[in-house]
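Remarks on the overall topology
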Amino acid sequence: MTDERDPIERAERTTVARDSQLDAQEVIGPYRILQKIGEGGMGDVYLAEQIEPVRRRVALKMIKHGMDTKQVVARFESERQALAMMDHPCIAKVFDAGATESGRPYFVMEYVQGIPITDHCDRNRLSVRQRLELFQRVCAGVQHAHQKAIIHRDIKPSNVLVAVQDDEAVPKIIDFGVAKATAQRLTENTVFTELGQLIGTPEYMSPEQAEMSQQDVDTRTDVYALGVVLYELLVGALPFDARELRQAGLIEIHRRIREDEPSKPSTRVSGLGDASIAAAARRQTDPLALVGELRGDLDWITMKSLEKDRTRRYGSPAELAADLRRYLADEPVEATPPSAAYRMRKFVRRHRFGVTAAATLAVLLIAFGASMSLQAVRIARERDRANREAETAQRVSQFLSGLFQVSDPSEARGNAVTAREILDQGVASIRGDLDDEPLIQAQLLETMGNVYSSLGLYEAALPLLERALSSRTELLGYDDPQTLASKADLVELHTERGQFEVAEQLGDEVLASRQRVLGVQHLDTIDSMRVLALAYNGQARYVEAEDLLRQTVEARASVLGEGHPDTLQALLSLGALLQNQGRIDEAEELTRDAIEVARRADGEDHPLTLTLAHNLASMSISQGRYAEAETLATEVLAARRRVLGEEHRYTLTSEYVLGLSHFYRSQYDDVVAILEPSVERARRSLGEDHPDTLESMSLLGEAYRELGQYRAAEPLLRTALDLRRRMLGGDHLRTQWSICNLASLFRDEGRNDEAELLYLQTLEIELRMLGEDHPETAETAFQLARIEARRGDVPAALEWLRRARRYGFPVIETLMDEPDFETLRDDPRFEAIAVQLRQ
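Predicted model only: the values in this text are computed from it and were never measured.

Re the side chain of R313
- With respect to the secondary-structure elements, R313 resides in the loop between α14 (297-305) and α15 (317-328).
- Classification of R313 by relative accessible area gives buried; the value is 4%.
- Here E307 takes part through its backbone oxygen, which lies 2.8 Å from a polar atom of the side chain of R313.
- Leave out the neighbours within four places in its chain, and R313 touches S206, P207, E208, R220, T221, Y224, K304, S305, E307 and K308.

Observations concerning the packing of helix α31 (residues 668-685) against helix α32 (residues 691-706)
- Viewed as axis vectors pointing N to C, α31 and α32 meet at an angle of 150°, and their least axial separation amounts to 9 Å. Regarding α31 and α32, the two cross each other, and that crossing is left-handed. Mapping the contact onto sequence places Y668, V671, V672, L675, E676, V679, A682 and R683 in α31 and T693, S696, M697, L699, L700, A703, Y704 and E706 in α32.
- Looking at the contact of α31 with α32 residue by residue, the classes come out as eleven nonpolar, two polar and three charged.

Topic: the pairing of strand β9 (residues 168-173)
- Across six bridges, strand β8 (residues 160-165) lies against β9 in antiparallel orientation. Residue pairing in the sheet places Q165 in a bridge with E168 of β9.
- What sits between β8 and β9 in their antiparallel hairpin is a turn of two residues, with D166 showing a positive phi close to 55°.

A closer look at the pattern of salt bridges
- Here the structure, examined in full by the defined rule, presents 52 salt bridges.
- Its salt-bridge partner being K487, residue E509 comes within 3.2 Å of it at the nearest N-O pair. Pair noted here: E509 is in helix α23 (residues 500-517) and K487 is in helix α22 (residues 481-496), with a separation of 22 residues, a long-range link.
- In this structure, the salt-bridge partner of R583 is E546, at a minimum N-O distance of 2.8 Å. Taken as a pair, R583 in the loop between α26 (565-580) and α27 (584-602) and E546 in helix α25 (residues 542-560) lie far apart in primary sequence, 37 residues in all.

Thoughts on the sheet that holds strand β6 (residues 105-110)
- Taking strand neighbours across the sheet as the criterion, the six strands line up as β1-β2-β3-β4-β6-β5 in an open arrangement whose pairing is antiparallel. Each edge of the open sheet is held by one strand with a lone partner, namely β1 (27-28) and β5 (94-99).
- Across seven bridges, the pairing between strand β2 (residues 31-39) and strand β3 (residues 43-50) is antiparallel. What sits directly across from Q35, in β3, is L47.

Description of helix α33 (residues 710-728)
- For α33, spanning 19 residues, the distance from its first C-alpha to its last is 26 Å, which sits close to the expected 27 Å at 1.5 Å a residue.
- Three or more residues of α33 are buried, namely A713, E714, L716, L717, A720, L721, L723 and R724.
- Buried residues along α33 sit against α31, α32 and α34 (733-748).
- The positive-phi residue at the C-terminal boundary of α33 is G729, with phi of around 95°.

A few points about the sheet that holds strand β7 (residues 115-116)
- Within the open sheet, the three strands sit side by side as β7-β8-β9. Their pairing is antiparallel. Because the sheet does not close on itself, it has two edges, and the strands there are β7 and β9.
- Seen against the sheet, helix α4 (residues 128-147) touches β8 and β9 and runs at an angle of roughly 35° to β9.

So, unusual backbone geometry
- Of note, the amide linkage connecting E52 to P53 takes the cis form, showing an omega dihedral of 0°.
- Tracing the backbone shows P53 in the loop between β3 and β4 (56-63).
- Positive phi values are uncommon outside glycine, yet R125 reaches one of about 50°.
- On the secondary structure map, R125 appears in the loop between α3 (117-123) and α4.

Regarding the packing of aromatic side chains
- The full count for this structure, using the stated rule, is three aromatic pairs.
- Aromatic pair F663 and Y664: ring centres 5.9 Å apart, planes at 90°, arrangement edge-to-face.
- F663 gets classed as buried once you look at its relative accessible area, which sits at 13%.
- Residue class for Y664 comes out partly exposed when judged on its relative accessible area of 42%.
- Joined through ring pairs, the aromatic side chains of Y626, F663, Y664 and Y668 make up one cluster.
- It is R56 that lies over the ring of F95; its NZ or CZ is 3.9 Å from the centre.
- A cation sits over an aromatic face here: K304 above Y314, 5.2 Å from the ring centre.

Brief notes about the side chain of R283
- The residue R283 is located in the loop between α12 (275-281) and α13 (287-294) in this model.
- From its side chain, R283 meets the backbone oxygen of L233 in a polar contact 2.9 Å long.
- Reaching out from R283, the side chain makes a polar contact with the backbone oxygen of A279 at a distance of 2.8 Å.
- Residues contacting R283, with those up to four places away along its chain left out, are D122, L126, S127, V128, R131, E232, L233, L234, V235, G236 and L290.

Quick notes on the packing of helix α24 (residues 523-538) against α25
- Closest axis-to-axis distance for the α24/α25 pair is 8 Å, and the angle between their directions is 155°. By the angle class used here, α24 and α25 are roughly antiparallel. Considering how the two elements wind past one another, α24 and α25 form a crossing that is left-handed. Of α25, the residues touching α24 (which contributes L523, I526, D527, M529, R530, L532, A533, Y536 and N537) are Y542, E544, A545, L548, L549, Q551, T552, A555, R556, V559 and L560.
- Of the residues in the contact of α24 with α25, the class split is 13 nonpolar, three polar and four charged.

Quick look at the nonpolar core
- Membership of the largest hydrophobic core comes to 84 residues, with the highest contact counts inside it found for L574, L612, L699, L700, L742 and Y759.
- Residue contacts for L574: discarding those within four places in its chain leaves E546, L549, R550, V553 and L590.
- Of all hydrophobic cores here, the second largest spans 46 residues; its members include V128, V138, A225 and V228.

Definitions and limits used
Residues numbered from 1 in each chain as written. Predicted model: local features only at pLDDT ≥ 70, side-chain atom pairs only at ≥ 80, totals over all residues. Heavy atoms only, no water. Helix = DSSP H or I, 4+ residues; strand = E, 2+ residues; numbered from the N terminus. Buried < 20%, exposed > 50% of the residue type's maximum accessible area, 1.4 Å probe, protein only. Polar contact = N/O pair within 3.5 Å; in protein donor to acceptor, adjacent residues only side chain to side chain. Contact = heavy atoms within 4.5 Å. Axes fitted to C-alpha atoms, helices over the stretch in contact; angles between N-to-C directions. Left-handed = near helix turned anticlockwise from the far one by under 90°. Nonpolar A, V, L, I, M, F, W, Y, C, P; charged D, E, K, R; others polar. Pairing = 2+ DSSP bridges. Salt bridge = Lys/Arg side-chain N within 4 Å of Asp/Glu carboxyl O. Expected span 1.5 Å × (residues − 1). Phe/Tyr/Trp six-rings, centres within 6.5 Å; stacked < 30°, edge-to-face > 60°. Lys NZ or Arg CZ within 6 Å of the ring centre and 35° of its normal. Parallel < 35°, antiparallel > 145°, perpendicular 65-115°, else oblique. Core = buried A, V, L, I, M, F, W, Y, C linked by side-chain atoms within 4.5 Å.

Okay, structure coming up:
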């Protein structure tokens, strides 16, 4: 006869543990036993199927044979009655109760198909905030049980199961009151079977539970256990190592639980080593960010729950949940770090036998001088603060006086003293005289580093800013606003040096930290968005950069106003980005408006006004207005030489733009006259691999090529290509420009095979990066047509011309004037295609 039941149901009804006291399919009242799912010293739990009046799966708990003494039965019946009184969505419900024909009591509860709360959070990679929101619901369930006079006494992750119902994670607390009723647990980890009369699980046991008297246990015992679960959810590890704790003897377990203080959650994460990486990843963050998120409020909330002295714990799970709600809402929390006096009391209590005499004397002295000591502390605190401020002011005054002492005639002895010499003297003074005041030293190093950077002396600025960051990190911590300010200075410096990947990495860290510590609307956070956008722009990641810059402009305009220098700075960066994307009309309109505002606010020679005007000159070149660009670039260059000096980066970029305007007007001798000394200064002050140096080298090489000075051109163009390939990669557009420049040199020298190979590489990059309808793509196709025309290959030349026309070559009508096509003019096929292209 065929068994027509569901295969899973059939398997469940025939699979029973060998030591079970009830057989599969055995019926107890309206319940059919399916299999045993839990076992303890005094009770067994079975998965059962309710047959009537409804069909559903339930958990049935029954006292074992031989354990049904009058005392145990009485406690069991009392407990099931208490459990039946509870009605909360986060507590497994009691459906029914009864007794077997032999008189063994049982009760029937909701069957929870879930996993421990820690496993659920880790599997789903819940963030710290999501874990706290889920944990608050557990607190609500325990609070409901306390209101019904039920103390769990063994709260741990395996007793808090999370089931998914209607796509929502719902925590369910199981085994409520069992430990109290039977001094027993149902799982294989029950401590009763291991340690005799120690009730609960050591890792989650409160100090008063460890006393084993059970007369001093109240609802705050459950608060302690909730604190341990919270610790594990936040850190990914227990306050005490479980293996070490269980390997200790009973007396040692008692002592550790009652006396040893666990590390704060943030400290515990720092001490996990490599394991912290995986723990942080399961919380959607990194170890450093996780430590920063736990440090402070979450540390103290957790440690308040784990206080050895229960009078200092939260009075109820509801109070613990309320403090977590305040944390999530960015409100002040009630938990605070323990005072020094409290820590001293705990030390004395732990060592009372060894320090009795000293403690007695100390108490007498403290009692005698308490009021005077408190008053002395207040006076000393105010005095120290005033002394520190006065000393800081004096140190800064001495530094400033010494900084300019070198310009005194008696010191200079008639020699001219440069600003660089004054700066170098100041840095030497900071490093030598302020070692005993590291925070003041860091402040001045940061200031001097930024001054060097503003002068374009990046290599001199770097060690100063790095040392300032190191000092502040060590003294103030990773997330202190001053530390983040030092790191932000380094982001901007690396961007100016062209180290865009390094700048991006640091910029991401600063932005995330400032959003967390200062808030998304803080001006420092907004500036972090701008600087990170510049790093993206340098890597041609224009979409990401534009999104950040538009957010920056909007935020600064709303907070500071449209005419504020910081708002104009953001507009300048946005205009440059739009220009890089080829959106010249948008960039020009935005830049002209910003220039007018800057001139009214700051004047013609202000660096911000000059930078906006410089960008406008560059845009005029892109629009083909070369004479206008030359006039504007000449004015900006003169002002920058006067204001910033000849070796400043911005002066050098103005020389490049002026040279570019001459280049497009075919004034190649003027380009050489401007850029030969400029490239040497750029190599000296910026370095040969700086993006601005490479731009000037490339333009100078192109000018040499146009003048027929090929030997002078090739080293410059090859160096620019090699450095760009190494720094930016083969697919970067600036690398493509260098390939194209070198190809043009080979073309002019008649090295057609080498030129063709490089043009084909260029075209492949342009098609992938720019697309078919871009002018630069069309220009490269046209150059390949010229190569084939030189070879006399009419069909190949015509095919490349057709592709150039399809790609949008803008000056196709000048074909007949190109000397490379001279040998093809008499070919009727060439004439026919030329006519078609002109149409």
